[in-house]
Amino acid sequence: MNFSLDFFSLQGKVAMITGGNTGIGREIALALAAAGADIFIYAHSNRDMDSLIEEVAKFGKEAHFSTGDLSKEENAMSAVSECIKAYGKIDILVNNAGTIKRSPLLEGSNDDWKTVLDINLSAVYYLSKTAAVEMTKQGHGKIINIASMLSFQGGKFVPSYTASKHGVAGLTKAFANELAGKNIQINAVAPGYIKTANTAPIRADEVREKEILNRIPAERWGETSDLVGGVVFLASKASDYVNGHILAIDGGWLVR
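Owing to the predicted nature of the structure, the values given are computational and were not obtained by experimental measurement.

What counts, and at which threshold
- Residues numbered from 1 in each chain as written.
- Predicted model: local features only at pLDDT ≥ 70, side-chain atom pairs only at ≥ 80, totals over all residues.
- Heavy atoms only, no water.
- Helix = DSSP H or I, 4+ residues; strand = E, 2+ residues; numbered from the N terminus.
- Rg over C-alpha atoms; globule rule 2.2 N^0.38 Å.
- Buried < 20%, exposed > 50% of the residue type's maximum accessible area, 1.4 Å probe, protein only.
- Contact = heavy atoms within 4.5 Å.
- Areas by Shrake-Rupley, 256 points an atom, 1.4 Å probe, with all protein chains shown as cover.
- Lys, Arg positive; Asp, Glu negative; His and termini not counted.
- Charge placed at Lys NZ, Arg CZ, Asp CG, Glu CD.
- Axes fitted to C-alpha atoms, helices over the stretch in contact; angles between N-to-C directions.
- Parallel < 35°, antiparallel > 145°, perpendicular 65-115°, else oblique.
- Left-handed = near helix turned anticlockwise from the far one by under 90°.
- Nonpolar A, V, L, I, M, F, W, Y, C, P; charged D, E, K, R; others polar.

(A) Inspection of the overall build of the protein at higher detail. When helices and strands are counted, the protein shows eight helices and seven strands. The C-alpha radius of gyration computed for the protein amounts to 18 Å, which stays within 12% of the reference 18 Å derived for 256 residues, consistent with globular compactness. For the C-alpha atoms alone, the extent of the protein along its principal axes is close to 50 × 45 × 40 Å. Within the span of the protein, comprising 256 residues, buried residues form 49% of the whole. Taking all contacts inside the protein whose residues are at least 6 apart in sequence as the whole, residues at least 24 apart take part in 73%. Of the roughly 12300 Å² of accessible surface on the protein, 51% is carried by carbon and sulfur atoms. With 26 positive and 28 negative side-chain charges, the protein shows a spacing of 4 Å between the two charge centroids.

(B) Geometry of the packing of helix 1 (residues 23-34) against helix 8 (residues 228-235). Their axes nearest at 9 Å, the elements helix 1 and helix 8 cross at an angle of 55 degrees. Considered as vectors, helix 1 and helix 8 are oriented oblique to each other. Helix-helix and strand crossings are classified by hand; for helix 1 and helix 8 the assignment is right-handed. The residues of helix 8 that touch helix 1, namely those facing E27, I28, A31 and L32, are V228, V231, V232 and A235. Classifying every residue of the contact of helix 1 with helix 8 by side-chain character gives seven nonpolar, no polar and one charged.

Here it is, written out as structure tokens:
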């Protein structure tokens, strides 16, 4: 047996996380730093970035960042180059940045549809493609997409988000088929109902929240910290033979 806990170490690695300054992305960034990676954040704004850099430094790691609107193709195409400029390489890409627009189907805005698809799906494609070019040169790489329960289900009042997250699941599988042979692993994490700003409106609705809790076998909402073990696994050597997988971290929601 040649297994070692070093399989989970990210020492010497560079991880880029989109939307990594707040919420789930921030928790992921800190976990990857704790596992040994230097961090690059690409986000819409520099909100809370100084405190994140300080927290990453406590692990003895560096953090750099750049800001831009990922709904714009040119930014999504150039974001990876900012990481390369800062560190000279990219070992891990976490496509975390996303947005959601809630409204009944018959009242939804076409502009909202386009914005959600641009950020949640098109940007994932552009970022992953650009990172894969660099990872192919390096001979290795990890791409981790953030999917959703709505990668499997239809949801309600969020058709654009649902379509985008189904698309993320599809891209994860399509990229894996083409890149697995190049020693690049592409997988996704599908969070269940997690306590974030995006789910605040649902948690504020007493009827809806009770419906959700009654279906979760774990009988609680997830915390952002519940997600990071799966991400570290998918970013590490321990997952070198895992490709095109969508890991549900949902307290059992999907099996209920």
